[in-house]
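Commentary on secondary and tertiary structure
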Amino acid sequence: TKSFVQINDGAQFHFTTSLVIEAWVNPATLAEINGAGLVAKGPFNGEDFYLDVFNSKYRFSGCTGASSNAAVSAQAIVPGQWTHVAGTYNSGTGVNNIYINGVLAGAGTCGARHLPTGIPTLVNVTVGNRLSGTPAYDLGFNGKIDEVRIINGFLSGSQVQQDYLAAFPSTV
């Protein structure tokens, strides 16, 4: 059974502008389930934001329900290795970026972000799992997650790199 954390929903997670999600992750396998949640809020394909694994690559979107406009890393996940993964959404440009170990690894454009209505505002933020669209949290990440940050604001590429260089991944 995969363990995960739920953080109660609140106004602090109803982003209407830029946002950043960062975490150190260590996948146990290359064969993660598609949509395996690292950090997410809302059900699969209807979420407010997410950082996950899809087709063995890291993926991020800060655009409400816009899976097709997600930033996807060019390289596959590496099982058994700690990796710093950061997703940024810039409300000024409408661009999602994903960074792997402080280096830009993919981008996607979704346009303006809006305050979600309906399901995304009724669900908690999860770390290590997410809703699949059913009432169950059944898209669990198989591995370890550490040092999660959810930021209401924007970080530039150089700021993401500074976070990567300053962080110390767990050796547990």
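What this report covers is the structure whose coordinates are included nearby. (Residues numbered from 1 in each chain as written. Predicted model: local features only at pLDDT ≥ 70, side-chain atom pairs only at ≥ 80, totals over all residues. Heavy atoms only, no water.)

1. A closer look at the pattern of salt bridges
For side chains bearing opposite charge, pairing can occur when the charged atoms are close. This model, assessed by the stated rule, comprises five salt bridges. A salt bridge links Glu 22 to Arg 149, with the nearest nitrogen and oxygen atoms 3.0 Å apart. Of the two residues, Glu 22 is situated in strand S2 (residues 19-27) and Arg 149 in strand S11 (residues 143-151); the sequence distance between them amounts to 127 residues. The closest approach of N and O atoms between Asp 52 and Arg 59, which form a salt bridge, is 2.8 Å. Comparing Asp 52 with Arg 59 shows no difference in burial state: the two are buried. (Salt bridge = Lys/Arg side-chain N within 4 Å of Asp/Glu carboxyl O. Helix = DSSP H or I, 4+ residues; strand = E, 2+ residues; numbered from the N terminus. Buried < 20%, exposed > 50% of the residue type's maximum accessible area, 1.4 Å probe, protein only.)

2. So, the environment of Asn 129
Along the chain, Asn 129 falls in the loop between strand S10 (125-127) and S11. Overall, Asn 129 belongs to the buried group, its relative accessible area being 4%. Separated by 94 residues in the primary sequence, Asn 129 and Gly 35 place their C-alpha atoms 8.9 Å from one another. Not counting residues within four places of it along the chain, the set of residues in contact with Asn 129 comprises Phe 4, Gly 37, Tyr 137, Asp 138, Leu 139 and Gly 140. A distance of 3.3 Å separates a polar atom in the side chain of Asn 129 from the backbone oxygen of Tyr 137. (Contact = heavy atoms within 4.5 Å. Polar contact = N/O pair within 3.5 Å; in protein donor to acceptor, adjacent residues only side chain to side chain.)

3. So, the packing of aromatic side chains
For the coordinates displayed, the defined rule picks out two aromatic pairs. Taken together, a centroid distance of 5.2 Å and an interplanar angle of 35° make the contact between Phe 4 and Tyr 137 tilted. Pair noted here: Phe 4 is in the segment before strand S1 (5-7) and Tyr 137 is in the loop between S10 and S11, with a separation of 133 residues, a long-range link. Residue Phe 4 is classed as partly exposed on the basis of its relative accessible area of 30%. On the accessibility criterion, Tyr 137 (26% relative accessible area) is partly exposed. Positioned above the aromatic ring of Phe 54 is the side chain of Arg 59, whose terminal nitrogen or guanidinium carbon lies 4.2 Å from the ring centre. When the ring centre of Tyr 50 is taken as reference, the NZ or CZ atom of Arg 130 above it lies at 4.8 Å. (Phe/Tyr/Trp six-rings, centres within 6.5 Å; stacked < 30°, edge-to-face > 60°. Lys NZ or Arg CZ within 6 Å of the ring centre and 35° of its normal.)

4. Examining unusual backbone geometry
A negative phi holds for most residues other than glycine; trans holds for most peptide bonds. With a phi angle near 55°, Asn 55 is a residue other than glycine that sits in the positive phi range. Its place among the elements puts Asn 55 in the loop between strand S4 (49-54) and strand S5 (57-61). Notably, Glu 147 is not glycine yet its phi reads approximately 50°, a positive angle. Mapping Glu 147 onto the fold places it in strand S11.

5. Here we look at the side chain of His 84
Tracing the sequence through the fold places His 84 in strand S7 (residues 83-90). Exposure remark for His 84: the relative accessible area of 3% places this residue in the buried category. The contacts of His 84, once residues within four sequence positions are left out, are Glu 22, Ala 23, Trp 24, Tyr 99, Ile 100, Asn 101, Gly 102, Val 160, Asp 163 and Tyr 164.

6. What to know about the sheet that holds S5
Here six strands make up an open sheet; going across it, the order is S1-S10-S3-S4-S5-S6 and the pairing antiparallel. Both outer strands of the open sheet, S1 and strand S6 (71-76), are each paired with one neighbouring strand and no more. Geometrically, the sheet is characterised by an average inter-axis angle of 15° between neighbouring strands, direction not taken into account. (Pairing = 2+ DSSP bridges. Axes fitted to C-alpha atoms, helices over the stretch in contact; angles between N-to-C directions.)

7. Observations regarding the sheet that holds S2
The strand order across the open sheet built from five strands is S9-S8-S7-S2-S11, with neighbouring strands paired in antiparallel fashion. Strands at the two margins of the open sheet, each flanked by one partner only, are strand S9 (103-109) and S11. In this sheet, adjacent strand axes meet at a mean angle of 15° when their direction is disregarded. Sheet strands touched by helix H1 (residues 157-166): S2, S7, strand S8 (95-100) and S11. Its angle to S7, the strand with the most contacts, is close to 155°.

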